[in-house]
Amino acid sequence: MLTDVDKARIADAIRTAESKTSGEIFCVLAHNAGTYRLIPIAWAAVVALIVPIPLLLLTEWEAKTVYVLQLMAFILVSIGLSRRAARLLVTPPRMKRERAHGAALRQFLAQGMQKTEGRTGVLIFAAAAERYVEIIADGGISAKVTQDVWDKAVASLIAAIKDGRPADGFVAAIEQCGAVLAEHFPAAPGALNPDELPDRLVEI
């Protein structure tokens, strides 16, 4: 989804934002937070359970014929919904949000965001397939900044992903998060500002 030029722009935006704060920003773009491979089977099972009802009530077909049609319905629905786009379409929104939220939390821990000095790490996470964006701030920041403060950055990134401009969205979100961090955790004048996390986006 991102070219090398896009990733370079995002890295530059992170470096620029972090030059004004002691906080750390890290970005993750997931193509999808889950495979949802059991969803087609679940829908196929529901359809297969419904199919025999009108056949048994309205026809005089033998049970064997009804069973064959039931089995065919299960197979056809399973195959029809097996494509990625179809799976995403029929997956309940709540499940997609939960999967994406879980993926964001795993990335926060996997990237060592909780180990920064002062607990000032901020993760900007986006799951493209789910059109889900979340900003997770570590304890040092969340004690001063409530989640609603990040809403504008979240909205900017979601809108850009929908428009097919994820790089622009990440740059905008980084700039907005950087401004919040600079307000509450400004870089000390003349002091060394260690770079505790890589200034880059991870694409998974």
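Everything that follows concerns the structure shown earlier in this document.
These remarks concern the structure in this document. (Residues numbered from 1 in each chain as written. Predicted model: local features only at pLDDT ≥ 70, side-chain atom pairs only at ≥ 80, totals over all residues. Heavy atoms only, no water.)

### Quick look at the packing of helix α8 (residues 151-162) against helix α9 (residues 166-184)
Between α8 and α9, the least distance of the axes is 7 Å, while the angle of their chain directions is 170°. Comparing the axis directions of α8 and α9 gives the class roughly antiparallel. The segment α8 lies against α9, with K152, A153, S156, L157, A160 and I161 engaging P166, D168, G169, F170, A172, A173, Q176 and C177. Of the residues contributing to the contact of α8 with α9, the split by class is 9 nonpolar, 3 polar and 2 charged. (Axes fitted to C-alpha atoms, helices over the stretch in contact; angles between N-to-C directions. Helix = DSSP H or I, 4+ residues; strand = E, 2+ residues; numbered from the N terminus. Parallel < 35°, antiparallel > 145°, perpendicular 65-115°, else oblique. Contact = heavy atoms within 4.5 Å. Nonpolar A, V, L, I, M, F, W, Y, C, P; charged D, E, K, R; others polar.)

### Section: the nonpolar core
The biggest cluster of nonpolar side chains holds 32 residues, and the ones touching the most others in it are I10, I25, C27, I124, W150, F170 and I174. If you list the elements that add at least two residues to this core, you get α1 (4-18), β1 (24-30), β2 (121-127), β3 (132-137), α8 and α9. Ranked by residue count, the leading element in this core is α9, at 8 residues. Non-local contacts of C27, meaning those with residues more than four positions away in its chain, are made with I10, I14, I124, F170, I174, R200, L201 and V202. One finds F108, A127, Y132 and I136 within the second-largest nonpolar core, a separate group that totals 16 residues. (Core = buried A, V, L, I, M, F, W, Y, C linked by side-chain atoms within 4.5 Å. Buried < 20%, exposed > 50% of the residue type's maximum accessible area, 1.4 Å probe, protein only.)

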